[in-house]
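One-letter residues, chain by chain:
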Amino acid sequence: MALRVAVARLKTVTGGPSLLRINNTFSRLKHFNSESPLAKHAKKRTSTVRLIGGGVAIGIVVGAAYSYFSYSERKLPGAIVNTPTQIPILKTLPTDLKVTRKVRHNNDETANFILFQYPTCPFCCKVRAFLDYVKVPYDIIEVDPILKQQISWSDYKKVPILLVKSSNGYQPLTDSTMIVSALASYLKDKTFTIEDIANFYPSISYVDVDGKRKTDIMNKYFIMNEDESEKSKRLNFENERQWRKWSDDTLVHALSPNAYRTLSEAIDSFKWFSIAGEWEKNFPFWETSLMIYGGAFMMWLISKKLKKKYMLKDDVRQSLYEECNTWVKAVEKNGGTFMGGNKPNLADLAVYGTLSSIEGCMAFKDIQENTKINVWFSNMKNVI
């Protein structure tokens, strides 16, 4: 009897049924941890988290590198890099172009110039003022300012664009100031082709002080082969360039906030643009309506930003009055009817073209009544 009790105690201590149950439980737990769907999902989730973490790490490294180089570039305002000098020559004209107006001085004249424009864009008006003054025939193609399908053939999506016919096709010229300088050079000395002349005005790309990359055209205020050997001539040309630049950098920025000062003024301005550009004749009704009302609303909003950007007075009319009087005083100081003396120079044409862009707007009527600009403007209109 004592022996049986001892054997029973021994089984309990060394692995009887209780120990077996414990071993079986651990076995099942081991199987559960390594083989169950939950375990597999946990492993897959861990793998996904690692993949995402690796992607984020790579993104941080790439972003940091980009930021570093971008910042390094912004730290060097004015840094210049080479860019293409011009739009490539067109071998043939696009087949869907519609000439909306022909400017001729004699009935039998052939036009070698095609101007893509908005009718009241100040930069387009500046080019037209020059073409009209030198009496060259040209064709006009009105561009829809919203859809711009008329210049879909060009990588350059602004106006004006002037196509000049050459032996190789058509040479596009862009930037109103460069167009005027290039044409003045070309018409003065035709021993150079228009392609040669265009190459005299290379484009440059640079980083401005605000960190934005911008493009400009070198030499755009210079006429090639101009004789500046005498001091008096050099001073005249420097004065001309100074006021051409003033027209581009100062006067033009006072126009939009005045033409679109209120929403009703903006709509009235665009209605006048429609008449000046014959939009109802050249575009479908829906497109004309979109340009008038959509364009007016957009420009009314943009004009508020331009007012702030160029630090115009709260009453923007006062800023426009000041710029007009600044020009009139400079002409009077120069001692002639025009800035160029007895006949207009390129500065006169630039300022006239710029101001003529708002001639049908309320803003123009106001400057006629509140400044002395009208005498000079009328004289310019007579000679052009």
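Residues numbered from 1 in each chain as written. Predicted model: local features only at pLDDT ≥ 70, side-chain atom pairs only at ≥ 80, totals over all residues. Heavy atoms only, no water.

- An unreviewed UniProt entry lists the chain under the name Prostaglandin E synthase 2, with Acyrthosiphon pisum given as the organism.
- Taken from UniProt, the Subcellular location (unreviewed entry) comment for the chain reads in full: "Endomembrane system".
- For the record of the chain, the UniProt heading Function (unreviewed entry) holds the text "Has a glutathione-disulfide oxidoreductase activity in the presence of NADPH and glutathione reductase. Reduces low molecular weight disulfides and proteins." (UniProt positions renumbered as here; feature names shortened; annotations may be inferred.)

## Considerations on the sheet that holds strand E4 (residues 138–142)
Next up, step 1: Spatially, the five strands line up as an open sheet ordered E2-E4-E3-E5-E6, and their pairing is mixed. The strands lining the two open edges of the sheet, one partner per strand, are strand E2 (101–103) and strand E6 (169–174). In this sheet, adjacent strand axes meet at a mean angle of 25° when their direction is disregarded.
Next up, step 2: Taken together, the six bridges between strand E5 (residues 161–166) and E6 define a ladder with antiparallel strand orientation. Residue serine 166 lies in a different strand from E6, and its bridge partner there is glycine 169. (Pairing = 2+ DSSP bridges. Helix = DSSP H or I, 4+ residues; strand = E, 2+ residues; numbered from the N terminus. Axes fitted to C-alpha atoms, helices over the stretch in contact; angles between N-to-C directions.)

## Quick word on a nonpolar patch on the surface
Next up, step 1: The grouping of Ile146, Leu147, Trp286, Leu290, Met298 and Ile302 at the surface amounts to a nonpolar patch, some 530 Å² of accessible area in total.
Next up, step 2: Topologically, leucine 147 is positioned in the loop between E4 and E5. (Patch = residues over 30% accessible without salt bridge, like charges linked within 9 Å, V, L, I, M, F, W, Y side chains within 5 Å. Areas by Shrake-Rupley, 256 points an atom, 1.4 Å probe, with all protein chains shown as cover. Salt bridge = Lys/Arg side-chain N within 4 Å of Asp/Glu carboxyl O.)

## Overview of helix H12 (residues 316–334)
Next up, step 1: Its 19 residues give H12 an end-to-end C-alpha distance of 28 Å, which sits within 8% of 27 Å, the value for a rise of 1.5 Å per residue.
Next up, step 2: Within the span of H12, buried status applies to Val316, Arg317, Ser319, Leu320, Tyr321, Glu323, Cys324, Trp327, Val328, Ala330 and Val331.
Next up, step 3: The first or second residue beyond H12 is glycine 335, which carries a positive phi of 90°. (Expected span 1.5 Å × (residues − 1). Buried < 20%, exposed > 50% of the residue type's maximum accessible area, 1.4 Å probe, protein only.)

## Some details on the environment of methionine 298
Next up, step 1: Counting through the fold element by element, methionine 298 comes out in helix H11 (residues 285–309).
Next up, step 2: When the C-alpha atoms of methionine 298 and alanine 266 are compared, they prove to be 9.3 Å apart, with 32 residues separating the residues in sequence.

## Focus on the packing of aromatic side chains
Next up, step 1: Within this structure, the stated rule accounts for 15 aromatic pairs.
Next up, step 2: By way of ring pairs, the aromatic residues Trp243, Trp246, Trp327, Tyr352, Phe364, Trp376 and Phe377 are connected into one cluster. (Phe/Tyr/Trp six-rings, centres within 6.5 Å; stacked < 30°, edge-to-face > 60°.)

## Considerations on unusual backbone geometry
Next up, step 1: The omega angle of the peptide bond from valine 159 to proline 160 is 5°, so this bond is cis rather than trans.
Next up, step 2: Topologically, proline 160 is positioned in the loop between E4 and E5.
Next up, step 3: Here glutamate 278, not a glycine, exhibits a phi torsion of approximately 50°, which is positive.
Next up, step 4: By the element assignment, glutamate 278 lies in the loop between helix H9 (263–277) and helix H10 (279–282).
Next up, step 5: For methionine 311, which is not a glycine, the phi torsion comes out positive at approximately 55°.
Next up, step 6: Summarising the element assignment, methionine 311 is placed in the loop between H11 and H12.
Next up, step 7: According to the relative accessible area criterion, methionine 311 is exposed, its value standing at 73%.

## Observations concerning the side chain of arginine 244
Next up, step 1: Assignment of secondary structure puts arginine 244 in helix H7 (residues 231–249).
Next up, step 2: Summary of buried charges: arginine 244 has no salt-bridge partner, and the nearest side chain of opposite charge, glutamate 240, is 5.1 Å away.
Next up, step 3: Excluding residues within four positions of it along the chain, arginine 244 makes contact with Thr177, Val180, Ser181, Lys220, Tyr221, Ile223, Leu346 and Ala347. (Lys, Arg positive; Asp, Glu negative; His and termini not counted. Contact = heavy atoms within 4.5 Å.)

## Some details on the side chain of serine 247
Next up, step 1: Mapped onto the elements of the fold, serine 247 is located in helix H7.
Next up, step 2: Discounting residues that sit within four places of it in the chain, serine 247 has contacts with Val252, Ala350, Val351 and Thr354.

## Considerations on the packing of H9 against H11
Next up, step 1: Where H9 meets H11, the axes come as close as 8 Å, and the angle between the chain directions of the two elements is 140°. Comparing their axes, H11 and H9 come out oblique. Pair H9 / H11 crosses with right-handed handedness. Residue-level contacts link Leu263, Ala266, Ile267, Phe270, Lys271 and Ser274 of H9 to Thr288, Met291, Ile292, Tyr293, Gly295, Ala296, Phe297, Met299 and Trp300 of H11.
Next up, step 2: Taken together, the residues that form the contact of H9 with H11 break down as eleven nonpolar, three polar and one charged. (Parallel < 35°, antiparallel > 145°, perpendicular 65-115°, else oblique. Left-handed = near helix turned anticlockwise from the far one by under 90°. Nonpolar A, V, L, I, M, F, W, Y, C, P; charged D, E, K, R; others polar.)

## With respect to the state of the cysteines
Next up, step 1: Applying the stated criterion across every chain, the model contains zero disulfides.
Next up, step 2: Not part of a disulfide, cysteine 121 finds its nearest cysteine sulfur in cysteine 124, a span of 3.3 Å.
Next up, step 3: Among the residues examined, cysteine 121 registers a relative accessible area of 10% and is labelled buried.
Next up, step 4: Classification of cysteine 124 as buried rests on a relative accessible area of 0%. (Disulfide = S-S within 2.5 Å.)

## Describing the pairing of strand E7 (residues 203–207)
Next up, step 1: In terms of residue burial, E7 counts as a mostly covered element, since four of its five residues are buried.
Next up, step 2: Bridge count for E7 against strand E8 (residues 213–217) is five bridges, and the pairing is antiparallel. Residue pairing across strands places serine 205 opposite threonine 215, the latter belonging to E8.
Next up, step 3: The antiparallel pairing of E7 with E8 creates a hairpin that spans five residues between the two strands, and glycine 211 there sits at a positive phi of about 85°.

## Observations concerning the pattern of salt bridges
Should the charged atoms of two oppositely charged side chains come close, the side chains can pair.
Next up, step 1: Scanning the model with the defined rule gives ten salt bridges in all.
Next up, step 2: The closest approach of N and O atoms between lysine 220 and aspartate 216, which form a salt bridge, is 3.0 Å.
Next up, step 3: Close ionic contact of glutamate 322 with lysine 313 constitutes a salt bridge, the shortest N to O distance being 3.4 Å.
Next up, step 4: The exposure class of glutamate 322 is partly exposed, given its relative accessible area of 42%.
Next up, step 5: A residue is classified by how much of its surface remains accessible, and lysine 313, at 37% relative accessible area, is partly exposed.

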